[in-house]
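In case you want the letters, here they are:
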Amino acid sequence: MRPVSVWQWSPQGLLLCLLCNLCLGSPSPSTAPEMRAGSQDLRFRLAGFPRKPFEGRVEIQRAGEWGTICDDDFTLQAAHVLCRELGFTEATGWTHSAKYGPGTGRIWLDNLNCRGTEQSVTECASRGWGNSDCTHDEDAGVICKDERLPGFSDSNVIEVDHHLQVEEVRLRPAVVGRGRRPLPVTEGLVEVRLPEGWSQVCDKGWSAHNSHVVCGMLGFPSEKRVNVAFYRLLAQRQQHSFGLHGVACVGTEAHLSLCSLEFYRANDTTRCPGGAPAVVSCVPSPLYAASSGQKKQQSKPQGEARVRLKGGAHPGEGRVEVLKAGTWGTVCDRKWDLQAASVVCRELGFGSAREALTGARMGQGMGAIHLSEVRCSGQEPSLWKCPHKNITAEDCSHSQDAGVRCNLPYTGVETKIRLSGGRSRHEGRVEVQIGGPGSLRWGLICGDDWGTLEAMVVCRQLGLGYANHGLQETWYWDSGNVTEVVMSGVRCTGTELSLDQCAHHGTHVACKRTGTRFTAGVICSETASDLLLHSALVQETAYIEDRPLHMLYCAAEENCLASSARSANWPYGHRRLLRFSSQIHNLGRADFRPKAGRHSWVWHECHGHYHSMDIFTHYDILTPNGTKVAEGHKASFCLEDTECQEDVSKRYECANFGEQGITVGCWDLYRHDIDCQWIDITDVKPGNYILQVVINPNFEVAESDFTNNAMKCNCKYDGHRIWVHNCHIGDAFSEEANRKFERYPGQTSNQII
């Protein structure tokens, strides 16, 4: 029986690969569609997801090449003509902006103008075949009436095998040991999940390109050669169930369903004669290497990275940022597609891209936008090797920042931890699995010192997004029959992939507060805020003021002066203050709200306002070697929306005991002339220093990215005046930032200790 050749496009990537209505075999005269005059060289099909058999993205094959139609000037009349080309009686609707996902290849028709009575789309007016100024984000689709034209026969519509799907791919090790199999699995027989279950792939014609695509789907950046002879010998002793053969990939596809696939029919009696199951071996990235030795051996020095992801809740996802001339910037989403996204994912040690995100779906970036209209073939080793356009600020805005979601290896870490007692699956008391084979048990975590960073790791490990709260008391969540505390002293940096990568006391459990009441809990969320300080404003507004002590009673009461102020001759004398304005933006995807509710806010009679957070910002003066010589702190005198972007409305206002917070797209301004908006530098001697500002320093409120909460500036103080310059924000605590931080004559180190 001749196999059916099926092509598929799935914009969603993994798991969503409908293969109905797509058959590219050359039709015989008896099965060819009834082509009308003018349509002799054209074939039509519906594609995309999610859809039904009578709806989808319209694709046309012309001169042997499949392409799409742009939605510019598209109307219901054009949809009527196209539905009849596809064998349906009429259209009930049409779609724009690639509702069924963006297609690939040529955009055959643009500005299509039909009356609705045409016998063929070739009779409609357009810009001409292949003449278009659109992108695949503008692909048109149709919704046809589920009623066939009498006698219509179309080889593009698979009536019998339209249910065939490639939903999932996995590697099955040829030999499974008695112990627990190490994860992730990097080598084995390729199996695809079809509606009737898991099936193997015949290795006839199998290529390294096919292996590359499979490894990418499974979360691995590359493939390697495998001992095929060993597996063929093994295959002779085993029964196999083949469901797929004739796989032909170019190697740049993000999913196997984008390759040419041939499925066996249900009544095929002979499958894969003389062949064996296809075998693939993948190379894991250092991030997922089995041993720490591999990590050290394969990982690159931190300073070499020129591409990174920011703002993602899960590993392998985030806003794409690139390094150019020592400055990190974002990528404009114009023409951003799965090929470019896959290049980023593989460059960072993940698999191919599951999604290419546009419209700042992972939050807006800051600073420069370095690249636009990136066009990758998918074979490039780095995003920087892809053709692209350098742009100015006028060409693109941060509301168009590109992002990615990459395919990740399955590690099984989510099975070693769980939440219990919560009102939803996003919250609860944290329970961890400990012990070896045969003696596994669940236990609780001591709540001592448990905080946001630890909760971030738990939420990431469970695939539940960001951490809203890390709770040290969970008496209101019933733990059921799990009462033993099995872990204590957990300390995480917040970047770990699982809780067992964090530091803790090991097998020895030491808890200051005993009982299940004081065990760790989390509340997770799919979105989070992201605060960013306007560093240029700090630099522009910095100045020195000598303020009389008799005007500083309120500031002293709120602990906004240096400790030496306590022994001053009140109310005589003065304090020298470094003052500046601070404007704090929320560029995340959730409002920044105080951790504590209004019932616990503290009223300060002296200034007549409520503090919703005891410490909102740290202000420090450091010597070049990192020694702190002066410090200040800013409580949240009043967190509110001072100003917002044009399309955003203010939500938070402090007046009349109102709600406090910062809305996404808004910013809170503390002017330089407000009390405590300063650092008391009375005791600082003339010299060269570093001004450091850190927002949300104790991680009390969850954010999608804490690395941009710090700002550093050079400052020179001569005893009378102060110069603040070279303010920069971002990874202010990283070694990379310290290396490029400006050095003064005689300066030995800028590293913070």
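Structural data are supplied above this passage.
As the structure is a computational prediction, the values presented were derived from the model and not from experiment.

A. Expanded view of the overall build of the protein chain. When helices and strands are counted, the protein chain shows 9 helices and 40 strands. With 753 residues in all, the protein chain has 53% of them scored as buried. Of the contacts formed within the protein chain by residues at least 6 apart in sequence, a portion of 71% connects residues at least 24 apart. About 33700 Å² of surface is accessible on the protein chain, with carbon and sulfur atoms providing 50% of the total.

B. View of the pairing of strand β23 (residues 441–445). In terms of strand pairing, strand β22 (residues 427–434) meets β23 through 4 bridges, oriented antiparallel. Residue pairing for β23: V432 is matched across the bridge by G443. Connecting the antiparallel pair β22 and β23 is a turn made up of 6 residues, with G435 showing a positive phi of about 100°. Judged from the 2 bridges that link them, β23 and strand β25 (residues 485–487) form a sheet pairing that is parallel. Each bridged residue has a counterpart across the sheet, and for L444 the counterpart in β25 is V485.

C. Inspection of the nonpolar core at higher detail. Ranked by internal contacts, the top residues of the largest apolar core, which has 42 residues, are L578, F616, I621, I679 and L691. Residue assignment for this core shows that the elements contributing at least two residues are β27 (531–533), β29 (574–579), β33 (617–622), β37 (678–680), β38 (687–695), β39 (710–717) and β40 (722–730). One finds Y288, L309, W384 and V404 within the second-largest nonpolar core, a separate group that totals 27 residues.

D. Broad picture of the state of the cysteines. By the definition in use, this model includes 15 disulfides. Across a sulfur-sulfur distance of 2.0 Å, C345 and C406 are joined as a disulfide pair. Every disulfide takes its handedness from the sign of the S-S torsion; for C345 and C406 that torsion is -85°, giving left-handed. In this pair, C345 sits in helix α5 (residues 338–347) while C406 sits in strand β20 (residues 403–406), placing the two residues 61 residues apart along the sequence. The residues C345 and C406 share a single accessibility class, namely buried. Looking at the unpaired C715, the closest cysteine sulfur is the one in C713, lying at 7.7 Å.

E. Focus on the sheet that holds β27. One open sheet accounts for 4 strands, arranged β27-β30-β36-β35; its pairing is antiparallel. Of all the strands in the sheet, the pair left with one neighbour each is β27 and β35 (643–644). Examined bridge by bridge, β27 and strand β30 (residues 582–586) share 3 bridges and lie antiparallel to one another. Following the sheet pairing, L533 is matched in β30 by I584.

F. Representation of the pairing of strand β4 (residues 65–69) within the structure. β4 sits mainly inside the fold: 4 of its 5 residues count as buried. Between strand β3 (residues 55–62) and β4, which follow one another and run antiparallel, lie 2 residues, and A63 among them has a positive phi close to 55°. Across 3 bridges, the pairing between β4 and strand β6 (residues 106–109) is parallel. Each bridged residue has a counterpart across the sheet, and for I69 the counterpart in β6 is L109.

G. Representation of the sheet that holds β29 in the model. In space, the 3 strands of this open sheet follow the order β28-β29-β37, with antiparallel pairing throughout. Every other strand in the sheet has two partners, leaving β28 (543–548) and β37 as the edge strands with one partner each. Averaged over all adjacent pairs, the angle separating strand axes in this sheet is 35°, with direction ignored.

H. Structural detail: the packing of aromatic side chains. Applying the stated criterion to the full structure yields 10 aromatic pairs. Ring centres 6.5 Å apart and planes at 65° place the aromatic pair F616 and Y670 in the edge-to-face group. Residue F616 is found in the loop between β32 (609–611) and β33, and its partner Y670 is found in strand β36 (residues 666–670); the two are separated by 54 residues along the sequence. Here the two residues F616 and Y670 agree in accessibility, since each one is buried.

What counts and what doesn't
Residues numbered from 1 in each chain as written. Predicted model: local features only at pLDDT ≥ 70, side-chain atom pairs only at ≥ 80, totals over all residues. Heavy atoms only, no water. Helix = DSSP H or I, 4+ residues; strand = E, 2+ residues; numbered from the N terminus. Buried < 20%, exposed > 50% of the residue type's maximum accessible area, 1.4 Å probe, protein only. Contact = heavy atoms within 4.5 Å. Areas by Shrake-Rupley, 256 points an atom, 1.4 Å probe, with all protein chains shown as cover. Pairing = 2+ DSSP bridges. Core = buried A, V, L, I, M, F, W, Y, C linked by side-chain atoms within 4.5 Å. Disulfide = S-S within 2.5 Å. Axes fitted to C-alpha atoms, helices over the stretch in contact; angles between N-to-C directions. Phe/Tyr/Trp six-rings, centres within 6.5 Å; stacked < 30°, edge-to-face > 60°.

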